[in-house]
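As a plain string of letters, each chain reads:
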Amino acid sequence: MEWIIPVGVILLGIYLSWTASRLDRLHWRVDASRAVLDAQLLRRSGAALDLAGAGLLDPASAVLVADAASRARTVDEDGREQAESDLTEALGAALADPAYTTTLRSDQGAAAALDELAAACRRASHARRFYNDTVRAARRLRRKVLVRWLGLAGRAPWPETVELHDEMPRGLSG
């Protein structure tokens with residue numbers, strides 16, 4: 001019977017070690033998925049700038065999209081989500097009419113630019129969802145009682161989700 005306490009301590013140590021390793025891996029995944037999200041958002045704003053600068057859109061839409069894309073690329077971290085949402089709104093306004101984008105697609109260069117933008121919008125949306133799922137998993141684990149009591153998260157910052165409007169423009173989704 002005296003072996004129960006040492007076995008219990010060993011099992012608790014194994015569990016805590018496994019949990020700490022899992023939490024560390026989740027924090028690495030959060031960091032890696034954030035880097036991917038940032039890259040995909042930059043790709044999306046770059047594709048929007050390319051489209052705006054190609055002379056394919058009407059002048060007002062081109063200025064609107066170019067301004068929003070430029071702000072999304074240069075804004076500080078505090079305003080990033082709003083700037084990315086503004087870019088989504090600008091793209092939605094410029095490419096709201098599927099008939100207009102169908103007309104644009106008659107030009108081979110415009111079709112390639114629109115396809116690149118659509119792909120970039122999809123990738124950015126998927127990257128944001130993957131990042132937010134990873135953040136939620138890390139938060140769930142960090143909320144466990146033993147993780148909090150024993151400080152298994154160390155000095156890692158509390159992971160925050162990215163909430164922005166990243167809906168595909170109606171004219172591109174067809």
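Remember, predicted model here, so these are calculated numbers, not experimental data.

Conventions we followed
Residues numbered from 1 in each chain as written. Predicted model: local features only at pLDDT ≥ 70, side-chain atom pairs only at ≥ 80, totals over all residues. Heavy atoms only, no water. Helix = DSSP H or I, 4+ residues; strand = E, 2+ residues; numbered from the N terminus. Polar contact = N/O pair within 3.5 Å; in protein donor to acceptor, adjacent residues only side chain to side chain. Phe/Tyr/Trp six-rings, centres within 6.5 Å; stacked < 30°, edge-to-face > 60°. Buried < 20%, exposed > 50% of the residue type's maximum accessible area, 1.4 Å probe, protein only. Lys NZ or Arg CZ within 6 Å of the ring centre and 35° of its normal. 1 Å grid on protein atoms, 1.4 Å probe; cavity = no way out; pocket = protein on both sides within 12 Å on 5 of 7 lines; lining within 4 Å. Points joined across faces, edges and corners; volume = space filled by probe spheres on them. Nonpolar A, V, L, I, M, F, W, Y, C, P; charged D, E, K, R; others polar. Axes fitted to C-alpha atoms, helices over the stretch in contact; angles between N-to-C directions. Parallel < 35°, antiparallel > 145°, perpendicular 65-115°, else oblique. Left-handed = near helix turned anticlockwise from the far one by under 90°. Contact = heavy atoms within 4.5 Å. Expected span 1.5 Å × (residues − 1).

Undergrad: For this particular structure, what's the right way to read the side chain of Arg 128?
TA: Checked against the element boundaries, Arg 128 lands in helix α5 (residues 108–142). Among the polar contacts listed, one links the side chain of Arg 128 to the backbone oxygen of Val 162, at a separation of 3.3 Å.

Undergrad: Even after reading the chapter, I still don't get the packing of aromatic side chains, so can you show me in this structure?
TA: Two numbers describe a pair of aromatic rings. These are the distance of the centres and the angle of the planes. All chains considered together, the criterion is met by 1 aromatic pair. Between Tyr 15 and Trp 18, the aromatic rings sit 6.2 Å apart at their centres with planes inclined by 35 degrees, giving tilted as the arrangement. One end of the pair, Tyr 15, and the other, Trp 18, are both in helix α1 (residues 4–53), 3 residues apart, so they sit about a helical turn from each other. Judged by relative accessible area, which is 35%, Tyr 15 ranks as partly exposed. Sitting over the face of the ring of Tyr 131, Arg 34 holds its NZ or CZ atom 5.6 Å from the ring centroid.

Undergrad: Help me out: how do you make sense of the environment of Gly 55 in this one?
TA: Residue position: Gly 55 is located in the loop between α1 and α2 (59–74). Residue classification places Gly 55 among the exposed residues on the basis of a relative accessible area of 60%. Along the chain, Gly 55 and Ala 119 lie 64 residues apart, while their C-alpha atoms are 20 Å from each other.

Undergrad: Would you mind going over the layout of surface pockets with me for this structure?
TA: To find leftover empty space, one rolls a probe the size of a water molecule over the atoms. Estimates place the volume of the largest pocket at around 310 Å³. In terms of lining residues, the largest pocket is bounded by 16 residues, among which Arg 34, Tyr 131, Trp 158, Pro 159 and Glu 160 are the most central. Elements that contribute at least two residues to the lining of the largest pocket include exactly α1 and α3 (80–94). Here the lining of the largest pocket is built from residues that sort into 7 nonpolar, 2 polar and 7 charged.

Undergrad: How should I be thinking about the packing of α2 against α3 in this particular structure?
TA: A packed helix pair is summarised by two numbers, namely the angle formed by the two axes and the spacing between the axes. Two elements in contact, α2 and α3, have axes whose closest approach is 8 Å; the angle formed by their N-to-C orientations is 160 degrees. Relative to α3, the element α2 is oriented roughly antiparallel. Here the hand of the crossing between α2 and α3 comes out left-handed. When α2 is examined against α3, the residues Ser 61, Leu 64, Val 65, Ala 68, Ala 69, Arg 71 and Ala 72 are found in contact with a partner set consisting of Arg 80, Ala 83, Glu 84, Asp 86, Leu 87, Ala 90, Leu 91, Ala 93 and Ala 94. Looking at side-chain class alone, the contact of α2 with α3 contains 11 nonpolar, 1 polar and 4 charged residues.

Undergrad: I would appreciate a short explanation of α1 in the present structure.
TA: Side chains of residues three or four places apart in an α-helix project in the same direction, reflecting 3.6 residues per turn. Helix length check: α1, at 50 residues, gives a terminal C-alpha distance of 72 Å against a target of 74 Å (1.5 Å per residue), a fit within 8%. Backbone geometry just downstream of α1 places Gly 55 in the positive-phi region, at approximately 75 degrees.

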